[in-house]
Amino acid sequence: MYDHIKKFLCQVEINTIASSLGSFSDNLKKFHHHFKNKYPEIFSQYCPGEYTIPEKEDTIECIAESMKIAIDLLNLGDKESIVVFVVQEKERNVFDQRAVEAMLWNK
C-alpha cells in the first residue's frame, strides 16, 4: 500500500493464523522426535522409508526475522517503519502472537 499524501510505502498484512501456528509446528517437531525415538517400530510403520524430521529450527524466530527484513526494506530515507500487532476482541490465541512480538523486539 502506498500513502499518496505522505509519499510513503506501507505494508499491511492480516495473517494471524499462519504466523501464530509457528510455535505449534515447533512443538509438533519435538513430538515427532520423541515418538520416533521412543517407538521406532511403530513410527516406521506410519512413516516408512527415508522420512526425516527437520532438525531444530525455531519457527517463531524465522517469522520474526522475516518481519525484521521487511521492516529494514521499508525503512526508506528519513521514514521509520513500525509493526503493529492487532489482537481482535475475544481472541483466545494471543500467546503465539506474543511470542513473535517478543522475538521481534530482540531483532
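The structure under discussion appears in the preceding block.
In this text, all values refer to a predicted model and were calculated from it rather than measured experimentally. (Residues numbered from 1 in each chain as written. Predicted model: local features only at pLDDT ≥ 70, side-chain atom pairs only at ≥ 80, totals over all residues. Heavy atoms only, no water.)

Visitor: Teacher, can you tell me more about the packing of aromatic side chains here?
Guide: Where two aromatic rings form a pair, the distance of their centres and the angle of their planes describe that pair. Considering all chains together, one arrives at three aromatic pairs under this definition. Plain terms: the ring middles of Phe35 and Tyr39 are 5.5 Å apart, the flat faces sit at 50 degrees to each other, and that makes the pair tilted. Considering the side-chain rings of Phe35 and Phe43, the 6.3 Å spacing of their centres and the 55 degrees angle between planes classify their relative orientation as tilted. Its relative accessible area of 23% is what places Phe35 among the partly exposed residues. Members of the aromatic cluster, connected to one another through ring pairs, are Phe31, Phe35, Tyr39 and Phe43. (Phe/Tyr/Trp six-rings, centres within 6.5 Å; stacked < 30°, edge-to-face > 60°. Buried < 20%, exposed > 50% of the residue type's maximum accessible area, 1.4 Å probe, protein only.)

Visitor: Sorry if this is basic, but what is going on with helix α4 (residues 59-74) here?
Guide: Think of an α-helix as turning once every 3.6 residues; residues three or four places apart then point the same way. In a regular helix each residue adds 1.5 Å, so 16 residues correspond to 22 Å; α4 covers 23 Å between its end C-alpha atoms and thus fits that length. All of the buried residues in α4 are Thr59, Ile60, Ile63, Ala64, Ile71 and Leu74. Along the axis of α4, the buried residues cluster in a sector spanning 140 degrees; they form a single face. In this structure Asp58 caps α4, since a side-chain oxygen of it lies 3.2 Å from the backbone nitrogen of Ile60. (Helix = DSSP H or I, 4+ residues; strand = E, 2+ residues; numbered from the N terminus. Expected span 1.5 Å × (residues − 1). Arc of directions from axis to C-beta. Polar contact = N/O pair within 3.5 Å; in protein donor to acceptor, adjacent residues only side chain to side chain.)

Visitor: Is there a simple way to think about the packing of helix α2 (residues 22-38) against α4 in this case?
Guide: Geometrically, a packed helix pair is captured by the angle between its two axes and the distance between the axes. With their axes 7 Å apart at the nearest point, α2 and α4 run at an angle of 150 degrees to one another. Only Thr59, Ile60 and Ile63 of α4 make contact with α2, whose side of the interface consists of Gly22, Ser23, Ser25, Asp26 and Lys29. Residue composition of the contact of α2 with α4, grouped by class: two nonpolar, four polar and two charged. (Axes fitted to C-alpha atoms, helices over the stretch in contact; angles between N-to-C directions. Contact = heavy atoms within 4.5 Å. Nonpolar A, V, L, I, M, F, W, Y, C, P; charged D, E, K, R; others polar.)

Visitor: Got a minute to help me understand α2 in this structure?
Guide: A rise of 1.5 Å per residue sets the reference length of α2, with its 17 residues, at 24 Å; its end C-alpha atoms lie 25 Å apart and thus fit the reference within 8%. Every buried residue of α2 is listed here: Gly22, Ser23, Asp26 and Lys29. On an axial view of α2, the arc spanned by its buried residues comes to 120 degrees, and they lie on one face.

Visitor: How do you make sense of the packing of α4 against helix α5 (residues 95-105) when you look at a structure like this?
Guide: Contact geometry for α4 and α5: axes closest at 9 Å, N-to-C directions at 55 degrees. Between α4 and α5, the crossing angle belongs to the class labelled oblique. Crossing of α4 against α5: the hand is right-handed. Between α4, through Ile60, Glu61, Ile63, Ala64, Met67, Lys68 and Ile71, and α5, the contact on the second element is made entirely by Asp96, Ala99, Val100, Met103 and Leu104. For the contact of α4 with α5, the per-class residue count stands at nine nonpolar, no polar and three charged. (Parallel < 35°, antiparallel > 145°, perpendicular 65-115°, else oblique. Left-handed = near helix turned anticlockwise from the far one by under 90°.)

Visitor: What am I meant to see in the environment of Lys107 here?
Guide: Structurally, Lys107 can be placed in the segment after α5. Sequence separation between Lys107 and Lys68 is 39 residues; the distance between their C-alpha atoms is 6.8 Å. What Lys107 contacts, discounting residues up to four positions off in sequence, is Glu61, Ala64, Glu65 and Lys68.

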